[in-house]
Amino acid sequence: MSKPEPILVCVAWPYANGSLHLGHVAGSLLPPDIFARYHRMKGSKVLMVSGSDCHGTPIMVQAEKAGITPAQLVEKFNAEHKQSLQQLGVQFDLFTATSTENHKKWVQDIFTVHKKLGYLVEREGKGTYCPKDKRFLPDRYVEGTCPHCANRQARGDQCDKCGKTLDPIDLKNPKCKTCGATPETRPTKHFYFTLPKFEPRLKEWLKDKAYWRPNTINFTNNWLKEGLQDRAITRDLSWGIPIPLAGYEDKRIYVWYEAVCGYLTASVEWAQAHGKPDAWKDWWLNPDTKSFYFLGKDNIPFHTIIWPAMLMGYSEGLLKEKKLPRALNLPYNVPANEFLTLSGQQFSKSRGIGIQLPDILSKFDPDTIRYYLSANMPEDKDADWSWDDFVAKINDELVGIYGNYVHRVLSFTQNHYGVIPDRDAPTTRQLEVLDKIRETAGYAAQFIELCEFKKALRQVMALAQYGNKYVDDMAPWALVKKDRKACGTALNLGLQLVKALAILMQPFLPFAAQRIWESLGEPGKVAEASWETALEDIPAGRKLPVPKILFEKIDPARLAEKPAAAAPTAPTPAAKPNNVVPFEDFQKLDLRVGKVLSVEPHPKADKLYVLKVDIGNGETRQLVAGMRAHYKAEELLGKHVALIVNLAPANIRGVESQGMLFGADDGSVVSVLLPDKPGLKVGAKIR
Ligand SMILES: [Zn+2]
Ligand SMILES: [Zn+2]
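Each value, and the rule that gives it
Residues numbered from 1 in each chain as written. Chains lettered and ligands numbered in written order. Predicted model: local features only at pLDDT ≥ 70, side-chain atom pairs only at ≥ 80, totals over all residues. Core = buried A, V, L, I, M, F, W, Y, C linked by C-beta atoms within 7 Å. Buried ≥ 20, exposed ≤ 12 C-beta atoms within 10 Å, placed from the backbone. Helix = DSSP H or I, 4+ residues; strand = E, 2+ residues; numbered from the N terminus. Contact = placed C-beta atoms within 7 Å. Bend = angle between axes of the 7 residues up to and from the residue. Domains from an automatic or database assignment. Pairing = 2+ DSSP bridges. Expected span 1.5 Å × (residues − 1). Axes fitted to C-alpha atoms, helices over the stretch in contact; angles between N-to-C directions. Parallel < 35°, antiparallel > 145°, perpendicular 65-115°, else oblique. Nonpolar A, V, L, I, M, F, W, Y, C, P; charged D, E, K, R; others polar.

> How should I be thinking about the nonpolar core in this particular structure?
Within soluble globular proteins, side chains that are nonpolar generally end up buried alongside one another. Core analysis: the largest hydrophobic core is formed by 141 residues, its most contacted members being Val9, Val460, Val498, Leu501 and Ile516. Take this core: its biggest share by element is 13 residues, from helix H17 (residues 484–505). Excluding anything up to four places from it in sequence, Val460 contacts Thr440, Ala444, Leu501, Leu504 and Met505. In this structure, Ala605, Leu608, Tyr609 and Val641 belong to the second largest nonpolar core, which totals 19 residues.

Here it is as C-alpha cells:
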C-alpha cells in the first residue's frame, strides 16, 4: 500500500478583536478539525495551522475604546482564542498570531520580492490628514454628516444609519475623531499589488479545479469575470507590519496582504519550534502534498485569487534567485462554508447577534456543540442554529441513538460478563455486523475526504442506529438465560461495533470517543488509533471497566439560562447515568409545600420568573424558575407549589435562587402546581 500524501490544513485566521463565536466554529474551525483528525488516523502526515489576525484599524479602534494598547488587546484575544479552541477540542499543530517577528520577517521578504519583480507599484492617491495630530487618518477615524441620509455621526468608512459604504472625502463637515479638528485632503503614496498581471496564470491554474465546491468556483469565476484590479496593500497607519523601505515609516502593510501569508509563516514557525527548520518544506515544496484551505464564503477570493497570485509572484522571484528548487504549492482545495445564522438572523458582532464560544462552552459539553454543528453544517447553504433544534438533536440523536447503543451494550456486558466475551461460532446475522462496519468506514472516509462532513456523520449515526436494531434482535437479556455462550458471541460483535463507533466518530466527537475507548479497556488515545482498526478483533477475555456515561440529556429548562455571559470555565463534565438516582440520594431532598407570594419577570432573561415563596415558619424563599413560557403570573400567584428547600443557593443570571420548584416536565408540558386541597399547610414536608 502506498503511503498517503502529506496534508496541509490551513484555517482562516480569526480576527483578534473579540471572542470566537459559533459562526467561526461552523464556518471555518470545526470542518478542518474533523478533516485533520481523520487524516491523522489514516496515517497521513498532517500539519494544521492558523492564528490570530492582529492588525488593522478595527483593532486600533477597539483598543482605544478599552483604554489599552493594540498589542495588549491582541494578546488578550489570542490567549482567549487558544483556550476556547482547546476546550472545543480543535487540535492545531500551531495556532500563532500575525504579531510574531517570524511573520513580519517573511511578509517583508514577500513584499521585497514582489516589488523587485514589478508586482508592487507605487501610486499617488488622496488621503484624509489631520493637521493638528499631524497624521493621516484611517477611514474610521473621520466622522461627519452622511451625504445620503444626513446622519451627523457617519464614519469615514460607513454610515451606520443608512448602511451605505462611504469614503472620508464624501462626508460633509468632516471631523477628526481624536481631536475634533477639520481634516484636509492631502496626496499620499501607496503600493498596489498588480493582480491583473496574474490573470492568465490564475485562469490556467483554475482549469482543473472542477472538483471544488460550486460556491467556491462561482465566487472565483465572478471575480475573474468582473476583471481583476490593482489593489492597495499599504495604509497610513501606525499599527501593523512596517514597509521595509526608508521613507515609509508612517505607513504599514495592509492586513489583507499580510494575513494570508500566515499559512506559510506559521508552517515555518512550527518547523523551527520543532527543531527542524526545513520541515515546512514537506508541506510547501513536496509535489505530493495537498493543501486544503478552510474558510467562510466571505473569504473566498482572498484564497482562490489573491493568495495564489501572491504565491506565484513570490515563487517566481525565489526561483530566479535559485533560492527554491521548485515553486511553492498552491491550494489544492478551498472548501468554503456558507454562513451560520442564529434563529434566522446573521451573526453580527456589531448588532450583538451571536453565541460566543466561551459562553456556550461554559454551559454545554463541547461534543454536543460539535455534534449539532456537524449535523447542521453550512456546507452548501446557510444553516441555522436554533436552540430547540439543538436540544432535540442532542436528546433524540446523540443521547437517544448513539449514546444509548454504546451504553446498553457496554453496561449489559459489564454486568453479566465483566470481560469481553468470546466470539464463538457467530451466526450469519451476527457476522453482518462486520460488513456494516466495513461499509460505514469506507463511506465515511470517502465523504470526509470530499469534505462532505454532514454526510459522513450521517453514515456513522446510521451505524449506531443499526446497532440498536441489532441489540433488539439479539435480545441479550433473554438469550443470556438460555445460552450464555451464544449471548457472549452476540455481545462480542456488539462490542466490536462499539469500538468502530469510537473510531469512526473520533473526528467529530473526540471527547466522547475517548470515553468509549476507555470503557472498552483500550489503552492509549483513540485519536492515535488507525481508522482501519475499527475492524480489528477486540480481545476476548479483557476486563471491562465500569462504563463511563457518554452524554446527559439536555433539560430544555436549561435553555432559559443559555445566553448568560459567564466567564470561560472548564467544559461541563458529563453527568451521572440516565435517570438512576440512588434511593438514599432522593431521601436527602427536603421537599416542602410552599405558597407563591409574588411573581416578577426576571430582569435579564425573558424565559424566567423571579418568585417569592412562603415556605412556612415565617420563612420566605426567592426562586428563579423557567416558567414564563408555561404559566402567566396570575396562574401562579397565591398557588401551592412543591419546592426543594435544601439546595445551595444558585446565581441565575444575576439573581439568587434559594431553592427549586418540583414538578412535571415531558419536554413540552410543564406543571408545577399542587392539587389544591383545603387545609394543605404551607411548610408541610412532602414525602
Ligand atoms: Zn447615511
Ligand atoms: Zn486630529
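From this point, the narrative continues.
> Any chance you could explain helix H13 (residues 387–416) here in plain terms?
Since the α-helix advances by 3.6 residues per turn, residues separated by three or four positions end up pointing in the same direction. The sharpest bend along H13 reaches about 40 degrees and sits at Asn404. Regarding H13, the residues found buried are Phe390, Val391, Ile394, Leu398, Tyr402, Gly403, Tyr405, Val406, His407, Val409, Leu410 and Thr413. The inward-facing, buried residues of H13 abut helix H12 (366–375), strand E18 (383–385), helix H15 (453–474), H17 and helix H18 (510–519). Note on H13: the residue one or two positions beyond its end, Gly418, has a positive phi of about 80 degrees.

> What's the story with the domain arrangement of the protein chain in this structure? I'm lost.
Quoted interface sizes are often the accessible area lost when the parts come together. Partitioning the protein chain into structural domains gives domain 1 (7–118 + 194–337), domain 2 (384–535) and domain 3 (581–671). Each of domain 1 and domain 3 has a C-alpha centre, and the two are 52 Å apart.

> Which parts of the structure should I look at to understand the sheet that holds strand E12 (residues 241–242)?
Each strand in a sheet pairs with its neighbour through backbone hydrogen bonds, running either in the same direction (parallel) or in the opposite one (antiparallel). Here three strands make up an open sheet; going across it, the order is E11-E13-E12 and the pairing antiparallel. Whereas interior strands pair on both sides, the edge strands pair on one side only; in this sheet they are strand E11 (234–235) and E12. Looking at chain direction, E11 and strand E13 (residues 252–253) are connected through two bridges and run antiparallel. Note that in E13 the partner of Arg235 across the bridge is Arg252.

> Looking at this structure, I do not really get the pairing of strand E9 (residues 184–193). What am I missing?
A regular strand places its side chains so that they alternate between the two faces of the sheet. Looking at chain direction, strand E4 (residues 120–130) and E9 are connected through 10 bridges and run antiparallel. From the neighbouring strand, Tyr129 faces E9, where its bridge partner is Glu184. Bridge analysis of E9 against strand E10 (residues 231–232) gives two bridges, and the strand direction is antiparallel. In the strand pairing of E10, Phe193 is matched with Arg231.

> I'm lost on the pairing of strand E20 (residues 609–614) in this one. Help?
With burial as the criterion, only one face of E20 is covered, namely that bearing Tyr609, Leu611 and Val613; the residues Val610, Lys612 and Asp614 on the opposite face remain uncovered. Where strand E19 (residues 591–601) lies against E20, six bridges are found, and the strand directions are antiparallel. For Ser598, the partnering residue across the bridge sits in E20 and is Lys612. Relative to strand E21 (residues 620–625), E20 is paired through six bridges, and the arrangement is antiparallel. Bridging across to E21, Val613 finds its partner in Arg621.

> So what exactly am I meant to see when it comes to helix H10 (residues 300–320) here?
Counted at 1.5 Å a residue, the expected span for H10 with its 21 residues is 30 Å, and the 30 Å between its end C-alpha atoms agrees. At Ile306, H10 is bent by approximately 30 degrees, the largest bend along its length, and proline Pro308 sits one to four residues beyond. Taken from the residues just after H10, Lys322 is the one with a positive phi, measuring 55 degrees.

> Help me understand the packing of helix H4 (residues 101–116) against H10, please; the structure alone is not making it clear to me.
A packed helix pair is summarised by two numbers, namely the angle formed by the two axes and the spacing between the axes. H10 packs onto H4 with a crossing angle of 75 degrees between their chain directions and a minimal axis gap of 9 Å. With respect to their mutual orientation, H4 and H10 come out roughly perpendicular. Contacts between H4 and H10 involve Ile110, Val113, His114 and Lys116 on the former and, on the latter, Met310, Gly313, Tyr314, Gly317 and Leu318. Taken together, the residues of the contact of H4 with H10 sort by class into five nonpolar, three polar and one charged.

> Which parts of the structure should I look at to understand the environment of Gln506?
By the secondary structure assignment, Gln506 is in the loop between H17 and H18. Taking the C-alpha atoms as reference points, Gln506 and Thr427, 79 residues apart in sequence, are found 29 Å from one another. Setting aside residues no more than four positions away along its own chain, Gln506 makes contact with Arg37, Met41, Ala513, Val526 and Ala527.

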